[in-house]
Amino acid sequence: MAVSNTGVDAAGDFSVESLTANPRQARKERLIRDSLGATALVSVLISALIIWSLFSEAWTFIVEVDWGSVWDIGWFPRRGIYDIKTLIVASLIVTGIAMMVAGPLGLGAAIYLSEYARPGVRKTLKPILEILAGIPSVVLGFFALQWIAPNLVASLFGGPAAGSLLAAGIGVGVLVVPLVASISEDAMKAVPMALREASSGLGARKVMTTMRVVLPAAVSGLMAAFIVAISRALGETMIVFMAGGAAQTAVYTHSAREGSLTMTAGITSLARGTDNVVGEGLTFQSLFFVGLVLFVLTFALNLVADRFVYKVREQY
Amino acid sequence: MARARLVGDRTNRMMVQAMQRRSTDVRGRVFQISLLVTLLISLFILGVLIVDVVMDGWGILTGRPGGFLGGTMRSLSDDPKLGVHQALVGTFWIAVFVAVLAFPLGIGAAIWLEEYAPKNRIARFIELNIRNLAGVPSIVYGLLGLLLFVKHLRDVTGGKSIASAGITLAILVLPIVVITAQEAIRAVPQGLKEGAYGVGATKWTMIRSQVLPYAAPGILTGTLLSMSRGIGEAAPLLLVGAVSGRLGRDSGFFDLGDINEEAFMAMPVIIVEWVQNSGRDPGFAAAAAAAIVVLLVFVILTNAAAIFLRNHFEKRRG
């Protein structure tokens, strides 16, 4: 009996074949499924390539470098002095300042948007915050160097009018405010309405409800917001490169008013400028060593943040 | 027992106080106002930033807008032929690479993860992997591009070329495309899918006819956001070698032959370049500000379109 493409035979009766797709179509479905699966695997390939590229070059550095030069007076890679603590301390200073700016500003904005703002106000303020989130970091780098350094840092803190770690840190802080605000707001929005209503029902005022009920309930999400922001601030490059107040090399400092190189700025200022990274034998490899340190730090922070987000999902 | 009575007493006291009180809640007001202040500070900074940049670049932008957009890189800031044309060309091609590589790969991965992926360890690993990639600092992508595309694949990409830069940035925004597309696909109501199966659709027919049309605005929003991220990103480009000073000729927008040539410029990089030049020639600060205005127009328009699209469709679907 001839079964047509539709699976219904000439007499109009259904057969078992009518319930299974025809082989050509089944093949097409499988092909689509497999090629979509392949696109998903591209991300795994990218991760593998990142890890391979960092490790392969950093390994050469780790094996061949004279470790005395990794704990020295400063970052002079072209002269064979690779003091990693200069870069890490500068990164920590910038990140700390950034969080001092972005923590209160971002959290305050999030509480206001989530708990206080009327829908109309929210609808105008939130997009503006999202626009701020979309501003490229070169623009904030320019702003940190041309406006924050002379107007804020020099007049308020008596620092130099040129770039410094302080100016760069404030710039990075402005950059991560929208990030802190949006993740914190999501966390507070996820707190069930019933908790707020119960609190109000017991006679608590809005401040009490917000501080004693909503914030503690949202604490995992808030932690995630801060950790993600720290990781982002550690990895931020252009602002510290442009406004960090050091070029090419840096002497160790732990003063925020001075200029120095962070891990990211160290990589960038070494890799640009010339056609090839030249200098002492291991200069090229030192880029990847610093990159590896940065990658491991941010990766660990992101994993921790991910666990916190997961916890929020589990609870509500 | 004692504890319960204590709580009871306290509640009682609070109730009595609440009923006797007439004055407004001062502490609550102060709290609310200080929250509003934090938000306004952020908006104020945004305002100052835009005013500062526009004022710095105003002279160039109003004085010779055509000359600036059509001009090239020069060694002196008062050169009348100074402009951003090469950078516009470079950024245009980077955007093409992002659109051609990252969008299809990212949307495909999102469809697989949401509709096909089995609930097993491998699928969970791929998801976790994508979330982690989204958090990798951009400079690390630059290092990958430097080693892989500039050094090892020199024969294919031409070394420090626009192709290397474009592929690097496409890889950089890929996780953002996947995550936003996943969210859009996840929001498709189950009923639509079941309806399609009910009338005999195969899986792919169901996805094509129901899931993708419904998720399209969300996916488009995500692609717009990642595009604006891509064209504003500078750090990886400095590593894969956007070079200055020796750009031989000013090529047109569609000169395909230049894609793997060893010299290119991009908008974010020209800004960095001019900011650094402003040390020896202060006039370059104004040029950098003008270039920032040009870049911001693109980035803010793309972002605003994405935000508007999302809000529009959110409202329509309640």
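What counts, and where the lines are drawn
- Residues numbered from 1 in each chain as written.
- Chains lettered and ligands numbered in written order.
- Predicted model: local features only at pLDDT ≥ 70, side-chain atom pairs only at ≥ 80, totals over all residues.
- Heavy atoms only, no water.
- Helix = DSSP H or I, 4+ residues; strand = E, 2+ residues; numbered from the N terminus.
- Buried < 20%, exposed > 50% of the residue type's maximum accessible area, 1.4 Å probe, protein only.
- Contact = heavy atoms within 4.5 Å.
- Buried area = accessible area lost by both parts, 1.4 Å probe.
- Salt bridge = Lys/Arg side-chain N within 4 Å of Asp/Glu carboxyl O.
- Polar contact = N/O pair within 3.5 Å; in protein donor to acceptor, adjacent residues only side chain to side chain.
- Nonpolar A, V, L, I, M, F, W, Y, C, P; charged D, E, K, R; others polar.
- 1 Å grid on protein atoms, 1.4 Å probe; cavity = no way out; pocket = protein on both sides within 12 Å on 5 of 7 lines; lining within 4 Å.
- Points joined across faces, edges and corners; volume = space filled by probe spheres on them.
- Core = buried A, V, L, I, M, F, W, Y, C linked by side-chain atoms within 4.5 Å.
- pLDDT = per-residue confidence, 0-100.
- Phe/Tyr/Trp six-rings, centres within 6.5 Å; stacked < 30°, edge-to-face > 60°.
- Lys NZ or Arg CZ within 6 Å of the ring centre and 35° of its normal.
- Patch = residues over 30% accessible without salt bridge, like charges linked within 9 Å, V, L, I, M, F, W, Y side chains within 5 Å.
- Areas by Shrake-Rupley, 256 points an atom, 1.4 Å probe, with all protein chains shown as cover.
- Lys, Arg positive; Asp, Glu negative; His and termini not counted.
- Charge placed at Lys NZ, Arg CZ, Asp CG, Glu CD.
- Pairing = 2+ DSSP bridges.

Trainee: Describe the side chain of Ser164(A), with residues and values.
Mentor: Residues and elements named next belong to chain A. Mapped onto the elements, Ser-164 comes out in the loop between helix 4 (137-157) and helix 5 (165-189). Assessed through its relative accessible area of 0%, Ser-164 is described here as buried. The residues touching Ser-164, leaving out its near neighbours within four places in the chain, are Val-153, Ala-243, Gly-244, Gly-245, Ala-256, Arg-257, Glu-258 and Gly-259.

Trainee: Please provide a residue-by-residue account of the interface of chain A and chain B, values included.
Mentor: In many reports, interface size means the accessible area that the parts give up when they come together. Between chain A and chain B, the contact holds 79 residues from the first and 82 residues from the second. Regarding the contact of chain A and chain B, the summed buried area is about 7300 Å², with carbon and sulfur atoms giving 74% of it. Together, Phe142(A), Arg205(A) and Arg272(A) form the three largest contributors to the area buried by chain A at its contact with chain B, with a combined 9%. Viewed at the interface, chain B and chain A are joined by two salt bridges. Across the pair Arg131(B) and Asp306(A) runs a salt bridge, and its minimum N-O distance is 2.7 Å. Run the count over chain A and chain B and you get nine residue pairs in polar contact (both at pLDDT 80 or more). The element best represented in the side of chain A that touches chain B is helix 1 (residues 23-64) of chain A, accounting for 22 residues. Along the lines of polarity and charge, the residues of the side of chain A that touches chain B split into 49 nonpolar, 21 polar and nine charged.

Trainee: Quick rundown of empty space enclosed by the protein? Include the residues and the values.
Mentor: By rolling a water-sized probe across the atoms, one finds the places where empty space is left. Residues and elements named next belong to chain A. This model, assessed by the stated rule, comprises one cavity of 30 Å³ or more. The calculated volume of the largest cavity comes to roughly 40 Å³. What lines the largest cavity is Ser-91, Val-94, Thr-95, Val-172, Ala-233, Leu-234, Glu-236, Val-240, Thr-262 and Thr-264. Contributions of two or more residues to the lining of the largest cavity are made by helix 2 (84-116) and helix 8 (219-235). For the lining of the largest cavity, the element with the most residues is helix 2, which contributes three residues. Of the residues contributing to the lining of the largest cavity, the split by class is five nonpolar, four polar and one charged.

Trainee: Hey, could you go over the environment of Thr95(A) for me, with residue numbers and the actual values?
Mentor: Residue and element names in this part refer to chain A. Position of Thr-95 among the secondary structure elements: in helix 2. Judged by its relative accessible area of 7%, Thr-95 falls in the buried class. Separated by 78 residues in the primary sequence, Thr-95 and Gly-173 have C-alpha atoms spaced 8.0 Å apart. Beyond its immediate sequence surroundings of up to four residues, Thr-95 is in contact with Ile-230, Ala-233 and Leu-234.

Trainee: I'd like to hear about the side chain of Thr221(B), residue by residue, with values.
Mentor: Mapped onto the fold, Thr221(B) is located in helix 10 (residues 203-232). Beyond its immediate stretch of four places on either side in the chain, Thr221(B) contacts Ala306(B), Leu309(B) and Arg310(B).

Trainee: Tell me about the nonpolar core, and name the residues and values.
Mentor: Grouped together as the largest cluster of nonpolar side chains are 166 residues, with contacts concentrated most on Ile50(A), Val138(A), Met238(A), Leu287(A), Leu237(B), Ile270(B) and Trp274(B). Among residues more than four places away in sequence, those in contact with Met238(A) are Ser137(A), Val138(A), Ala234(B), Ala235(B), Leu238(B) and Val272(B). Leu129(A), Val207(A), Ala218(A) and Leu222(A) belong to the second largest nonpolar core, which has 23 residues in total.

Trainee: How would you summarise the confidence of the model for chain B if you had to cite specific residues and measurements?
Mentor: Summarising the model, chain B shows a mean pLDDT of 84, and 88% of its residues fall at 70 or more. Across the interfaces of the predicted complex, the ipTM metric reaches 0.87, alongside a pTM of 0.86.

Trainee: Could you give me a rundown of the packing of aromatic side chains, with the residues and numbers involved?
Mentor: The relation between two aromatic rings is expressed through the spacing of the ring centres and the mutual angle of the planes. The tally for this structure, following the rule as stated, stands at 11 aromatic pairs over all chains. Between Tyr112(A) and Tyr116(A), the aromatic rings sit 6.5 Å apart at their centres with planes inclined by 10°, giving stacked as the arrangement. Here the residue Tyr112(A) and the residue Tyr116(A) both occupy positions in helix 2, the gap between them amounting to four residues, near one helical turn. In terms of burial, Tyr112(A) and Tyr116(A) fall into one category: buried. Measuring from ring centre to ring centre gives 5.5 Å for Phe92(B) and Trp93(B), while their planes differ by 75°; the resulting arrangement is edge-to-face. A relative accessible area of 29% means that Phe92(B) is categorised as partly exposed. Look at Trp93(B) and you get buried, because its relative accessible area is 11%. Through pairs of rings, three or more aromatic residues link up here, namely Phe61(A), Trp75(A), Tyr82(A) and Phe289(A). For Lys85(A), the ring lying beneath its charged end belongs to Tyr252(A), and the centroid distance is 5.1 Å. Taking the ring centre of Tyr116(B) as reference, the NZ or CZ of Lys203(B) above it sits at 5.1 Å.

Trainee: Report on a positive patch on the surface, specifying residues and quantitative values.
Mentor: Taken together, the side chains of Arg24(A), Arg27(A), Lys28(A), Arg30(A) and Arg208(B) present a region of like positive charge at the surface. With four residues, the single largest contributor to the positive patch is helix 1 of chain A. Considering the arrangement of structural elements, one finds Arg30(A) in helix 1. According to the relative accessible area criterion, Arg30(A) is partly exposed, its value standing at 45%.

Trainee: Let's hear about the environment of Asn303(B): which residues, and what values?
Mentor: If you trace the backbone, Asn303(B) turns up in helix 13 (residues 283-317). Taking relative accessible area as the criterion, Asn303(B) reaches 3% and is therefore assigned buried. Residues Asn303(B) and Leu225(B), 78 residues apart in the sequence, show an inter-C-alpha distance of 5.9 Å. Apart from the residues lying within four places of it in its own chain, the contact partners of Asn303(B) are Gly134(A), Leu225(B) and Ser228(B).

Trainee: Describe the sheet that holds strand 3 (residues 250-251) of chain A, with residues and values.
Mentor: Each strand in a sheet pairs with its neighbour through backbone hydrogen bonds, running either in the same direction (parallel) or in the opposite one (antiparallel). Residues and elements named next belong to chain A. With antiparallel pairing, three strands are arranged side by side in an open sheet as 2-1-3. Each edge of the sheet is formed by a strand with only one pairing partner; in this case those strands are strand 2 (81-82) and strand 3. Of the strand pairs in this sheet, strand 1 (residues 74-76) and strand 2 are connected by two bridges, and their pairing is antiparallel. Within strand 2, the position partnered with Trp-75 by the bridge is Tyr-82.

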